[in-house]
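# Structural overview for review
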Amino acid sequence: MTTAQLSPKPKEAVHMPKWLAAYLQAAPLAIILGAFLLLPLAMIAIVSFWDYDFARMYPDLITLNYVETLGSWVTWKTYLNTIKYAVIVWAITLFVGFWVAYFLAFHVRSTSMQMVLFLICTVPFLTSNIIRMISWIPVLGRNGLVNGALVSSGVVSEPVEWLLYSDFAVVLAMVHLYTLFMVVPIFNTLMRIDHSLIEAARDAGASGRQILSNVIIPLAKPGMAIGTIFVATLVMADFSTVQVMSGGQSASVALMMKNQMSLLQYPAAAANAVVLLALVLLLVAAILRVVDIRKEL
């Protein structure tokens, strides 16, 4: 008997169907998103239909929480105030963020210097948002640095009251906190622009303003859209900045939900959370219809 006759036949490799392999690869991320994102959102939506009193919640299926949320003029004013903050902060951060990213991408030639300047922009983010927000109080206060400089220089005869505990202070603090979330995606988009396109436009006789408006800004729209999503969602979810920098004189939806939860009104807070989430999703859907951001992801 020969050796070839004694050796077993090699087993054929088992090939997994492609569709099954794809599902197995996506399963870990799907489980994580389902457990930590979809399930909590579903629980919030369910609780928003429950009843409650001063001490406990009652599992039920009522629409009273949404009726009180959408039927109150005070609530509508709070939503409009939140949208106002989001629009103003978005406009300022878009303007500042674009020009900072533009300077880093096109006026700083050295890659190492670009990284150094970009890291300098991120240094404030090494501290807490609360600390960076509160740091504005001694600057903008009645006896703060700005008022002291204005009074001592004779620009004003008495301290300016609206610098702190006002809408101005809220917007300024939010711009300080969230501008980097606009700079990063725009800078990433501008760095991907082929410089030969700019050279071709310049060779064709285009001025600097024409190159900016017809080449750079259209190509930077995906980064602007991503930054818009970041900034808008962060502003709408911010309650601490509104509470501290307005001195309790202004309100936002997130602050309203925080107050409702402190009073154990969880179903009412959940209803407001669902409405706010719907507004954010509508904003994201509108942006995605205008700008294709898939190439940036």
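Residues numbered from 1 in each chain as written. Predicted model: local features only at pLDDT ≥ 70, side-chain atom pairs only at ≥ 80, totals over all residues. Heavy atoms only, no water.

Following the UniProt record, one finds the feature "domain: ABC transmembrane type-1" (unreviewed entry) at residues 79-287. The span residues 79-287 carries 76% helix and 0% strand; its end-to-end C-alpha distance comes to 20 Å. (UniProt positions renumbered as here; feature names shortened; annotations may be inferred. Helix = DSSP H or I, 4+ residues; strand = E, 2+ residues; numbered from the N terminus.)

As for its placement among the helices and strands, Ser-252 is situated in the loop between α13 (240-245) and α14 (253-262). At 3.5 Å, the side chain of Ser-252 forms a polar contact with the backbone oxygen of Asp-238. Apart from residues no more than four positions distant in its own chain, Ser-252 is found in contact with Thr-78, Thr-82, Asp-238, Phe-239 and Val-242. (Polar contact = N/O pair within 3.5 Å; in protein donor to acceptor, adjacent residues only side chain to side chain. Contact = heavy atoms within 4.5 Å.)

UniProt tags residues 20-50, 83-104, 116-137, 168-190, 211-237 and 266-291 as "transmembrane region" (unreviewed entry). As a span, residues 20-50 carries 90% helix and 0% strand, and end to end its C-alpha atoms are 40 Å apart. With 96% helix and 0% strand, residues 266-291 has its two end C-alpha atoms placed 37 Å apart.

Time to look at the packing of helix α12 (residues 208-236) against helix α15 (residues 266-290). Two elements in contact, α12 and α15, have axes separated by 10 Å at closest approach and are oriented at 170 degrees. When the axis of α12 is compared with that of α15, the two are roughly antiparallel. Listed contacts from α15 to Ala-225, Thr-228, Ile-229, Ala-232, Thr-233 and Met-236 of α12 are Leu-276, Val-280, Leu-283, Val-284 and Ile-287. Classifying every residue of the contact of α12 with α15 gives nine nonpolar, two polar and no charged. (Axes fitted to C-alpha atoms, helices over the stretch in contact; angles between N-to-C directions. Parallel < 35°, antiparallel > 145°, perpendicular 65-115°, else oblique. Nonpolar A, V, L, I, M, F, W, Y, C, P; charged D, E, K, R; others polar.)

On to α15. With 25 residues, α15 extends 36 Å from end C-alpha to end C-alpha; this agrees with the ideal 36 Å at 1.5 Å per step. Of the residues making up α15, those classed as buried are Pro-267, Ala-268, Ala-269, Ala-270, Ala-271, Asn-272, Val-275, Leu-276, Val-280 and Ile-287. (Expected span 1.5 Å × (residues − 1). Buried < 20%, exposed > 50% of the residue type's maximum accessible area, 1.4 Å probe, protein only.)

What follows deals with a nonpolar patch on the surface. On the surface, Leu-29, Leu-33, Leu-37, Leu-38, Leu-41, Ile-44, Leu-277 and Leu-281 cluster together into a nonpolar patch covering about 690 Å² of accessible area. Elements with a minimum of two residues in the nonpolar patch: α2 (18-47) and α15. If you tally residues by element for the nonpolar patch, the top one is α2, at six residues. You can see Leu-281 is positioned in helix α15. (Patch = residues over 30% accessible without salt bridge, like charges linked within 9 Å, V, L, I, M, F, W, Y side chains within 5 Å. Areas by Shrake-Rupley, 256 points an atom, 1.4 Å probe, with all protein chains shown as cover. Salt bridge = Lys/Arg side-chain N within 4 Å of Asp/Glu carboxyl O.)

Phi at Tyr-165 takes a positive value of approximately 60 degrees, unusual for a residue other than glycine. Structurally, the position occupied by Tyr-165 is in the loop between α8 (145-152) and α9 (167-178). Overall, the relative accessible area of 39% leaves Tyr-165 in the partly exposed class.

Glancing now at the nonpolar core. Ranked by internal contacts, the top residues of the largest apolar core, which has 53 residues, are Phe-98, Phe-106, Met-174, Ile-186, Leu-190, Ile-216 and Val-235. Secondary-structure elements contributing two or more residues to this core are α4 (73-107), α9, α10 (180-191), α11 (195-203), α12, α13, α14 and α15. It is α4 that provides the largest number of residues to this core, a total of 11 residues. With sequence-adjacent residues up to four places away left out, Leu-190 is seen in contact with Ala-101, Tyr-102, Ala-105, Phe-106, Ile-216 and Ala-220. Of all hydrophobic cores here, the second largest spans six residues; its members include Ile-226, Ile-229, Ile-287 and Ile-293. (Core = buried A, V, L, I, M, F, W, Y, C linked by side-chain atoms within 4.5 Å.)

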